[in-house]
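Summary of the model geometry
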Amino acid sequence: MYSYIVDELPALVEAALPVSQRKSVFGHSMGGHGALTIALNNPDRYTSVSAFSPIVSPMQCPWGQKALGLYLGNNPEAWKRYDTVALIRAGAQQLPMLVDQGLADNFLVTQLKTELLEAALQEAGYKAEVRYHPGYDHSYYFIASFIEDHLRFHAKYLK
């Protein structure tokens, strides 16, 4: 998916539509994880990044450790490129970033670990907006409730 999002999809869009070179990326859950790591690994390609309920540190959650191990082997050093918290701690270039997280999300404590992102942002002096929403879970309704905020956030940087 990495090369598809970074290279193939933009080439298809640029070949078919009259678009500018400015790009932003956002996603939900695992897609939010992808959006954050893709943007942080390619700050020259993206003007902004946002995510809904992203897995922010797969290196520090059970699901992520299993997936990274299966895809990349058992060397945690190789995993850091796919971990938002590790990238920020390593000095990733700052991009405008917005993260929304529902407080009723069943995955928040065990898998998403948004508090690790907040700690890394603070340690690095990385300015980003992380917002928590009481009563919202991991559902489409959560995304639908705040998608306009994300579109407006990206529009500021795409103009």
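You'll find the structure just up there.
Residues numbered from 1 in each chain as written. Predicted model: local features only at pLDDT ≥ 70, side-chain atom pairs only at ≥ 80, totals over all residues. Heavy atoms only, no water.

1. Describing the sheet that holds strand 2 (residues 48–52)
Put simply, the rule is: We call two strands paired when DSSP finds no fewer than two bridges between them. We count a stretch as a helix when DSSP gives it H or I for four or more residues in a row; a strand needs E for two or more, and each element gets its number in order from the N terminus. As a rule, the C-alpha atoms of each element are fitted with a line to give its axis, helices using only the stretch in contact, and angles between N-to-C directions run from 0 to 180 degrees. Contacts are residue-level and defined by heavy atoms, with any inter-residue pair within 4.5 Å sufficient.
If you walk across this open sheet you meet the four strands as 1-2-3-4, and the pairing is parallel. Each having just a single partner strand, strand 1 (24–28) and strand 4 (129–133) make up the two edges of the open sheet. For this sheet, the mean inter-axis angle between neighbouring strands, taken without regard to orientation, is 10°. Looking at chain direction, strand 3 (residues 97–102) and strand 4 are connected through five bridges and run parallel. In the strand pairing of strand 4, leucine 98 is matched with glutamate 129. Here helix 2 (residues 30–41) sits on the sheet in contact with strand 1, strand 2 and strand 3, set at roughly 155° to strand 1.

2. Quick look at the layout of surface pockets
This is how the line gets drawn: Cavity: a set of points on a 1 Å grid over the protein atoms alone where a 1.4 Å probe fits but cannot get out. Pocket: an open set with protein on both sides within 12 Å along at least five of seven lines, its lining residues, like those of a cavity, having an atom within 4 Å of a point. Grid points are joined across faces, edges and corners, and a volume is the space filled by probe spheres set on the points. In this count, Pro and Cys sit with the nonpolar residues alongside Ala, Val, Leu, Ile, Met, Phe, Trp and Tyr, while Asp, Glu, Lys and Arg are called charged and the others, Gly among them, polar.
By volume, the largest pocket amounts to about 560 Å³. Lining the largest pocket we find 22 residues, and of these Met1, Met30, His33, Gly34 and Tyr82 sit closest to its centre. At the level of secondary structure, the elements contributing two or more residues to the lining of the largest pocket comprise helix 1 (2–16), strand 1, helix 2 and helix 3 (62–72). With seven residues, the single largest contributor to the lining of the largest pocket is helix 2. Grouping the amino acids of the lining of the largest pocket by side-chain chemistry returns 16 nonpolar, six polar and no charged. Here the second largest pocket is characterised by a volume of approximately 280 Å³. Surrounding the second largest pocket, 13 residues form its lining, Pro10, Val13, Arg22, Lys23 and Ser24 being those nearest its centre. Among the secondary structure elements, those contributing two or more residues to the lining of the second largest pocket are helix 1 and strand 1.

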